[in-house]
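Summary of structural features
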Amino acid sequence: QKAYKFFDSDENGRIDVNELKEAMKLMGEDLKDAEVNALFTAVDHDGNDAISFEEFCVLVKAIKAKGDSKDVSVLSAVSSTWE
């Protein structure tokens, strides 16, 4: 939960698309704006235009599962995590 609070830079209890973009940079994922937007949509499972703590946990789990693989995108890792 500390990481979630760290990435929630405006401290409103939600991670928005801009905060996600910064978080992905800090996690070593170099994504274009379109990729961040697609990832945000995939992670925002309830469609409320914010990433909740639960949704953030899915993202982190997907990134860990992806590891250093260049063959798997974060987006596909998230999609398979929700399945």
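Up top is the structure.
A brief report on the enclosed structure follows.

Rules used in this analysis
- Every chain's residues receive numbers from 1 upward, in the order its sequence appears when written.
- Reporting in this predicted model follows two pLDDT cut-offs: at least 70 for local features of residues, and 80 or more for side-chain atom pairs to be given and counted; totals over whole chains, interfaces and linings ignore these cut-offs and use all residues.
- Values reported for side chains reflect all heavy atoms of the structure, with hydrogen atoms and water molecules removed beforehand.
- What counts as a ring pair is set by centres within 6.5 Å for rings of Phe, Tyr and Trp (its six-membered ring), and what kind of pair is set by the plane angle: stacked under 30 degrees, edge-to-face over 60, tilted for all other angles.
- Every helix listed is a DSSP run of H or I at least four residues long, and every strand listed is a run of E at least two residues long, numbered separately from the N terminus.
- Accessibility here uses a 1.4 Å probe with only protein chains present; expressed as a share of the type maximum, an area under 20% marks a residue as buried, one over 50% as exposed, and anything in between as partly exposed.
- Here the positive residues are Lys and Arg and the negative ones are Asp and Glu; neither His nor the chain ends is included.
- Take a side-chain nitrogen of Lys or Arg and a carboxyl oxygen of Asp or Glu: if they are within 4 Å of each other, that pair is a salt bridge.
- In what follows, a contact means two residues having at least one pair of non-hydrogen atoms within 4.5 Å.

On to the packing of aromatic side chains. The final tally for this structure, using the stated rule, is four aromatic pairs. A centroid spacing of 5.6 Å and a plane angle of 85° characterise the contact between Tyr4 and Phe53, whose relative ring orientation is edge-to-face. With Tyr4 in helix α1 (residues 2–7) and Phe53 in helix α4 (residues 53–66), this residue pair connects regions lying 49 residues apart in the sequence. Using a relative accessible area of 7% as the deciding quantity, one classes Tyr4 as buried. Take Phe53: its relative accessible area is 31%, and that puts it in the partly exposed class. Here the aromatic rings of Phe7 and Phe56 are separated by 5.8 Å at their centres, their planes lie at 55°, and the arrangement is tilted. In this pair, Phe7 sits in helix α1 while Phe56 sits in helix α4, placing the two residues 49 residues apart along the sequence. One exposure class covers both Phe7 and Phe56, and it is buried. Chaining the aromatic ring pairs together yields one cluster made of Tyr4, Phe6, Phe7, Phe53 and Phe56.

For Asp8, the location among the structural elements is in the loop between α1 and α2 (17–26). There is no salt bridge for the buried Asp8, and the closest opposite charge comes from Arg14, which lies 7.6 Å off by N-O distance. If we ignore the near neighbours within four places in the chain, the residues touching Asp8 are Gly13, Arg14, Ile15 and Glu19.

In total, this model carries two salt bridges according to the counting rule given. When the shortest N-O distance is used, the salt bridge between Asp33 and Lys21 registers 2.4 Å. Of this pair, Asp33 sits in helix α3 (residues 33–43) while Lys21 sits in helix α2; the two residues are twelve residues apart in sequence, bridging distant segments of the chain. With a relative accessible area of 44%, Asp33 lands in the partly exposed category. Residue classification places Lys21 among the partly exposed residues on the basis of a relative accessible area of 24%. Residue Glu22 pairs with Lys25 through a salt bridge whose shortest N-O separation is 3.6 Å. In this pair, Glu22 and Lys25 are both assigned in helix α2, three residues apart and thus about one turn of the helix distant.

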